[in-house]
Amino acid sequence: MEQLKNSDPQIYNWINQEHERQESELEMIASENYTSLAVMQAQGSILTNKYAEGYPSKRYYGGCQNVDLIESLAIQRAQNLFKAPFANVQAHSGSGANMAAFFALIKPQDKIMGMDLSHGGHLTHGSPVNFSGFLFEAHSYGLNPQTGLLDYDLIRSQALKVRPQLIIAGYSAYPRYLDFHAFKAIADEVGASLLVDMAHFAGLVASGHHPSPIGIADIVTTTTHKTLRGPRGGLILTHQEELAKKINSKIFPGIQGGPLEHVIAAKAVAFGEALNPSFGEYIDQVIKNAQTLATELVNQGFDLVTGGTDNHLLLIDLSKKELTGKEAETALGNSGITVNKNTVPNEKRSPFVTSGVRIGTPALTTRGMKQEQMIRIAHWITQTLNHPTDQDLHKKIKQEIHELCKQFPVYGTQKRPQ
Ligand SMILES: *Cc1c(COP(=O)(O)O)cnc(C)c1O
């Protein structure tokens with residue numbers, strides 16, 4: 001990064017500061033991960049210079065012979081990884097992937113039914129402040145208030161009343177498996193299309209640790225940067241040829257212009273990594289780590305939504321405590337543990353305050369941490385949350401965490417590309 005250092009020291013310094021932060025704190029935001037240096041080298045490459053509107057061998061620009069090879073391989077690897085006949089790798093983000101999927105399946109004003117944001121859904125599943133909420137008539141389903149679980153009988157009876165054109169399955173904060181066959185049966189019964197947004201658990205689907213929605217849902221969307229551990233971006237999959245054509249035309253020219261071929265190259269690298277058997281071992285450890293953390297936190301007296309986890313994340317439920325999600329997030333941040341506050345079922349506090357904390361293990365597992373470290377981390381979380389205003393304690397924990405992080409370098413001295 002010599003050139004950047006010389007030409008723009010301000011940005012260079014801030015990137016370095018951020019690198020330092022990523023190395024020295026416990027990154028436990030469930031949607032974050034650390035990509036490999038190979039992924040970053042592809043993303044930081046000269047491919048950013050190329051315009052390539054269109055699709056491989058059907059471009060609106062000359063000079064696309066190399067990016068055609070790259071994008072074709074990215075598509076092929078995505079298809080292999082998820083055993084899907086069709087893939088679009090151009091979506092700039094998970095939200096954009098969802099927008100294209102919506103436009104391929106339904107028309108403005110149509111009715112959609114997705115998981116309530118405050119129950120673990122995503123903004124793009126029908127929130128009034130998002131395109132999905134103001135272009136479509138959005139209805140939302142929630143969790144069973146007793147169990148904190150999705151209740152397919154409740155979803156079915158609501159779908160029979162609403163009669164949506166589209167049902168969306170997927171979450172940003174739910175610690176259990178989804179039953180795609182149950183969703184599909186409901187969609188079929190009410191004549192709706194089914195979109196599965198696996199943004200959070202795509203890595204678990206890729207490795208076979210979560211049932212796959214491919215071949216069940218009409219369209220499957222995902223991000224590439226969460227458990228899948230690739231560059232920041234989106235991906236759309238389907239098993240239906242007619243839908244694949246629609247998806248492509250909704251991405252371009254529907255909602256995007258030129259594809260980010262540098263990001264597409266990085267996606268290809270990440271898919272290649274995920275096709276390697278070592279990725280299965282990684283996801284296995286991600287889940288073991290989340291389960292170890294869940295068990296320890298329960299032993300320390302915390303309530304978890306649904307009592308535990310099947311996946312990469314867990315939700316601490318602070319409803320019975322005086323401490324709010326917001327205060328917990330701040331206290332943990334002071335101790336060097338980065339998490340986010342989150343609403344819980346039967347939430348009584350505002351979405352800016354909340355009664356929950358979402359914790360994930362994908363990033364820590366990438367840097368090599370295992371059950372032994374999770375036990376220590378559960379202890380630090382407990383200490384911090386039991387003494388949320390004890391700044392001396394937080395400082396001491398932060399120091400201990402700093403020492404632990406040194407033993408598990410993310411990029412270490414290799415720094416970032418070039
Ligand atoms: C993260 C996420 C997205 C959005 O991805 P962006 O790349 O941030 O736009 C969409 N859906 C779900 C379920 C997510 O968790």
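Scroll up to find the structure.
Cut-offs used in this document
Residues numbered from 1 in each chain as written. Predicted model: local features only at pLDDT ≥ 70, side-chain atom pairs only at ≥ 80, totals over all residues. Heavy atoms only, no water. Near = heavy atom within 4 Å. Polar contact = N/O pair within 3.5 Å; in protein donor to acceptor, adjacent residues only side chain to side chain. Areas by Shrake-Rupley, 256 points an atom, 1.4 Å probe, with all protein chains shown as cover. Helix = DSSP H or I, 4+ residues; strand = E, 2+ residues; numbered from the N terminus. Patch = residues over 30% accessible without salt bridge, like charges linked within 9 Å, V, L, I, M, F, W, Y side chains within 5 Å. Salt bridge = Lys/Arg side-chain N within 4 Å of Asp/Glu carboxyl O. Buried < 20%, exposed > 50% of the residue type's maximum accessible area, 1.4 Å probe, protein only. Core = buried A, V, L, I, M, F, W, Y, C linked by side-chain atoms within 4.5 Å. Contact = heavy atoms within 4.5 Å. Expected span 1.5 Å × (residues − 1). Axes fitted to C-alpha atoms, helices over the stretch in contact; angles between N-to-C directions. Parallel < 35°, antiparallel > 145°, perpendicular 65-115°, else oblique. Left-handed = near helix turned anticlockwise from the far one by under 90°. Nonpolar A, V, L, I, M, F, W, Y, C, P; charged D, E, K, R; others polar.

A.B. asks: An account of the site of the ligand is requested, with residue identities and associated values reported.
C.D. replies: The environment of the ligand is made up of 13 residues, and the closest members are Gly94, Ser95, Ser172, Asp197 and Lys226. A distance of 2.8 Å separates an oxygen atom of the ligand from a polar side-chain atom of Ser172. Protein chains bury 85% of the 380 Å² of accessible surface belonging to the ligand in isolation. Looking at the shell around the ligand element by element, the count peaks at 3 residues for helix 5 (residues 94-105).

A.B. asks: Pulling in residues and values, what's your account of a nonpolar patch on the surface?
C.D. replies: Together, Ile11, Trp14 and Ile15 give the surface a local cluster of nonpolar side chains, amounting to about 280 Å² of exposed area. Along the chain, the position of Ile15 falls in helix 2 (residues 9-24). The exposure class assigned to Ile15 is partly exposed, which follows from its relative accessible area of 31%.

A.B. asks: Explain the nonpolar core residue by residue, including any values.
C.D. replies: Counting residues in each nonpolar core, the largest one holds 57 residues, and the members touching the most others are Phe82, Leu150, Ile167, Val196, Met198, Phe201 and Leu237. By size, the runner-up hydrophobic cluster in this structure holds 31 residues, among which are Leu323, Leu332, Met374 and Ile377.

A.B. asks: So what's going on with the environment of Gly203? Which residues, and what values?
C.D. replies: In this structure, Gly203 sits in helix 9 (residues 202-206). Residues Gly203 and Ile283, spaced 80 residues apart in sequence, show a C-alpha to C-alpha distance of 7.1 Å. If near-sequence neighbours (up to four positions away) are discounted, Gly203 is found in contact with Thr227, Leu228, Phe279 and Ile283.

A.B. asks: Any details on the side chain of Ser132? Residues and values, ideally.
C.D. replies: By secondary structure assignment, the location of Ser132 is in helix 6 (residues 131-134). Within the local environment of Ser132, its side chain forms a polar contact with the backbone nitrogen of Gly126, the two atoms lying 2.9 Å apart. Not counting residues within four places of it along the chain, the set of residues in contact with Ser132 comprises Phe102, Ile112, Leu123, Thr124, His125, Gly126, Ser127 and Ala138.

A.B. asks: Residues and numbers for helix 4 (residues 65-82), please.
C.D. replies: The terminal C-alpha atoms of helix 4 lie 26 Å apart, and with 18 residues this matches the ideal 26 Å at 1.5 Å per residue to within 8%. All buried positions along helix 4 are accounted for by Val67, Asp68, Glu71, Ala74, Ile75, Ala78, Leu81 and Phe82. Where helix 4 is buried, its residues contact strand 2 (54-55), strand 3 (58-59), strand 4 (86-88), helix 9, strand 10 (234-238) and helix 11 (261-275). Downstream of helix 4 by a residue or two, Lys83 has a phi angle that is positive, lying close to 50 degrees.

A.B. asks: Any chance you could break down the packing of helix 12 (residues 277-299) against helix 15 (residues 371-386) for me, citing the residues and the numbers?
C.D. replies: At a minimum axis separation of 9 Å, helix 12 and helix 15 run at an interaxial angle of 40 degrees. Considered as vectors, helix 12 and helix 15 are oriented oblique to each other. At the point where helix 12 passes helix 15, the crossing takes the right-handed sense. Where helix 12 approaches helix 15, its residues Gln285, Lys288, Asn289, Thr292, Leu293, Glu296 and Leu297 are matched on the opposing element by Gln371, Met374, Ile375, Ile377, Ala378, Ile381 and Thr382. Split into classes, the residues belonging to the contact of helix 12 with helix 15 amount to 7 nonpolar, 5 polar and 2 charged.

A.B. asks: Can you lay out the environment of Tyr282 for me, pointing to particular residues and giving the numbers?
C.D. replies: Structurally, Tyr282 can be placed in helix 12. Spatially, the C-alpha atom of Tyr282 lies 29 Å from that of Phe183, the residues being 99 residues apart in sequence.

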